[in-house]
Amino acid sequence: MDASSKPTCRIVKPGHTYEGKQGLSYFEGIAAETVGAKGICMHVLTMPPGARAKAHLHESHETAIYMLSGQAHTWYGDRLENHVVVHAGELFYIPAGVPHLPANLSNAPCTAIIARTDPNEQESVVLLPELDGLVEV
C-alpha cells in the first residue's frame, strides 16, 4: 500500500444532504462514500414535524440511534406490531433485519445521530411497501 492510498483521519462537516430510500433527508456523514469507511456509517437525521419514513429494514446490519433533540415514534417487528417513543437523551437499538418505521408526530423537529454497521449509506436498505399501510399517522 503506498502513502496515497493509506487510510487517514478525516473531519466531515454535515452540510450536504441526500434523500434516503426510506423517504427522509439525511445529512451526509461518515460512510464508505465520504471517507472510505469499511465497517460503519454514521449520519445526522432531522425529521420535521409530521415526517414519516417508509417501512424498511437493514439487511445484515445493526442500527444504533441517539436522539439529540425532540422525540420520534418507531413501529417495529414483522408486522410493525411494536411501538416505542424515543426521547432526547435516549439511545435506541435496532437489530439487523428488523422491519421498522419511524415518524415524528410532534409539532417540533427531532434530530438524531444514526450509526449502522453497514459502511454504505443506503446499500442495506430494503423497502417493505406491504407494511406501510399498517401504521396510520
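As the structure is a prediction and not an experimental result, all values here were calculated from the model.

Asks: What exactly am I supposed to notice about the packing of aromatic side chains here?
Replies: How two aromatic rings sit relative to each other is given by the distance of their centres and the angle of their planes. Considering all chains together, one arrives at two aromatic pairs under this definition. Considering the side-chain rings of tyrosine 18 and tyrosine 26, the 5.5 Å spacing of their centres and the 20° angle between planes classify their relative orientation as stacked. In this pair, the class of tyrosine 18 matches that of tyrosine 26, namely buried.

Asks: Teacher, can you tell me more about the sheet that holds strand 8 (residues 91-94) here?
Replies: Pairing between the strands of a sheet comes from backbone hydrogen bonds, and it takes one of two forms, parallel or antiparallel. Strand order across the open sheet formed by six strands is 1-2-3-10-5-8, with antiparallel pairing between neighbours. One side of each edge strand has no neighbouring strand; the edge strands of this open sheet are strand 1 (17-19) and strand 8. Averaged over all pairs of adjacent strands, the angle between strand axes in this sheet comes to 30°, irrespective of strand direction. Bridge count for strand 2 (residues 25-30) against strand 3 (residues 41-47) is three bridges, and the pairing is antiparallel. Bridge pairing in strand 3 places phenylalanine 27 opposite valine 44.

Asks: Would you explain unusual backbone geometry in this entry?
Replies: Backbone phi values are negative for most residues with the exception of glycine, while trans is the configuration of most peptide bonds. In the Ramachandran plot, serine 60 falls in the positive-phi region, its phi being about 60° despite a non-glycine side chain. Looking at the secondary structure, you find serine 60 in the loop between strand 4 (56-58) and strand 5 (63-69). Serine 60 gets classed as exposed once you look at its relative accessible area, which sits at 66%. Look at leucine 80: it is not a glycine, yet its phi comes out positive at around 55°. Turning to its location among the elements, leucine 80 is positioned in the loop between strand 6 (71-76) and strand 7 (82-87).

Asks: When you look at the environment of alanine 31 in this model, what are you seeing that I'm missing?
Replies: Along the chain, the position of alanine 31 falls in the loop between strand 2 and helix 1 (32-35). For the pair alanine 31 and glutamate 136, spaced 105 residues apart in sequence, the C-alpha separation works out to 33 Å. What alanine 31 contacts, discounting residues up to four positions off in sequence, is Gly36, Ala37, Ile40, Cys41, Pro119 and Glu121.

Asks: In this structure, what is going on with the layout of surface pockets? I would like to understand it.
Replies: Over the atoms rolls a probe the size of a water molecule, and in doing so it shows where empty space is left. One number sums up the size of the largest pocket: a volume of about 210 Å³. Taken together, Pro7, Thr8, Arg10, Ile30, Val35, Gly36, Ala37 and Lys38 make up the lining of the largest pocket. The residue inventory of the lining of the largest pocket, partitioned by class, reads four nonpolar, two polar and two charged.

Asks: How should the nonpolar core be read in this particular structure?
Replies: In a soluble, globular protein the nonpolar side chains are often hidden away together inside. Within the largest apolar cluster, 16 residues are counted, with the highest numbers of intra-cluster contacts made by Leu24, Tyr26, Leu45, Met47, Ile65, Met67 and Ile114. Looking at this core, the elements with two or more residues in it are strand 3, strand 5, strand 8 and strand 10 (110-116). Apart from residues no more than four positions distant in its own chain, leucine 45 is found in contact with Leu24, Ser25, Tyr26, Cys110, Thr111, Ala112 and Ile114. Judged by nonpolar contacts, the second largest core, of nine residues, contains Ala55, Leu80, Leu101 and Ala103.

Asks: Is there a simple way to think about the UniProt feature "domain: Cupin type-2" (unreviewed entry) in the chain in this case?
Replies: Under the local residue numbering, the UniProt record ascribes the feature "domain: Cupin type-2" (unreviewed entry) to residues 44-113. For residues 44-113, the helix share is 0%, the strand share is 54%, and the end-to-end C-alpha distance is 5 Å.

Asks: Just to check I follow, could you spell out the side chain of histidine 56 for this structure?
Replies: Of note, histidine 56 is situated in strand 4. A distance of 2.8 Å separates the side chain of histidine 56 from the backbone oxygen of lysine 54, its partner in a polar contact. Polar side-chain contacts of histidine 56 include one of 3.4 Å to the side chain of histidine 58. Among all residues touching histidine 56, those that are not within four sequence positions of it are Gln22, Val98, Pro99, His100, Pro102, Val125, Val126, Leu127 and Leu128.

Criteria and cut-off values
- Residues numbered from 1 in each chain as written.
- Predicted model: local features only at pLDDT ≥ 70, side-chain atom pairs only at ≥ 80, totals over all residues.
- Heavy atoms only, no water.
- Phe/Tyr/Trp six-rings, centres within 6.5 Å; stacked < 30°, edge-to-face > 60°.
- Buried < 20%, exposed > 50% of the residue type's maximum accessible area, 1.4 Å probe, protein only.
- Pairing = 2+ DSSP bridges.
- Helix = DSSP H or I, 4+ residues; strand = E, 2+ residues; numbered from the N terminus.
- Axes fitted to C-alpha atoms, helices over the stretch in contact; angles between N-to-C directions.
- Contact = heavy atoms within 4.5 Å.
- 1 Å grid on protein atoms, 1.4 Å probe; cavity = no way out; pocket = protein on both sides within 12 Å on 5 of 7 lines; lining within 4 Å.
- Points joined across faces, edges and corners; volume = space filled by probe spheres on them.
- Nonpolar A, V, L, I, M, F, W, Y, C, P; charged D, E, K, R; others polar.
- Core = buried A, V, L, I, M, F, W, Y, C linked by side-chain atoms within 4.5 Å.
- UniProt positions renumbered as here; feature names shortened; annotations may be inferred.
- Polar contact = N/O pair within 3.5 Å; in protein donor to acceptor, adjacent residues only side chain to side chain.

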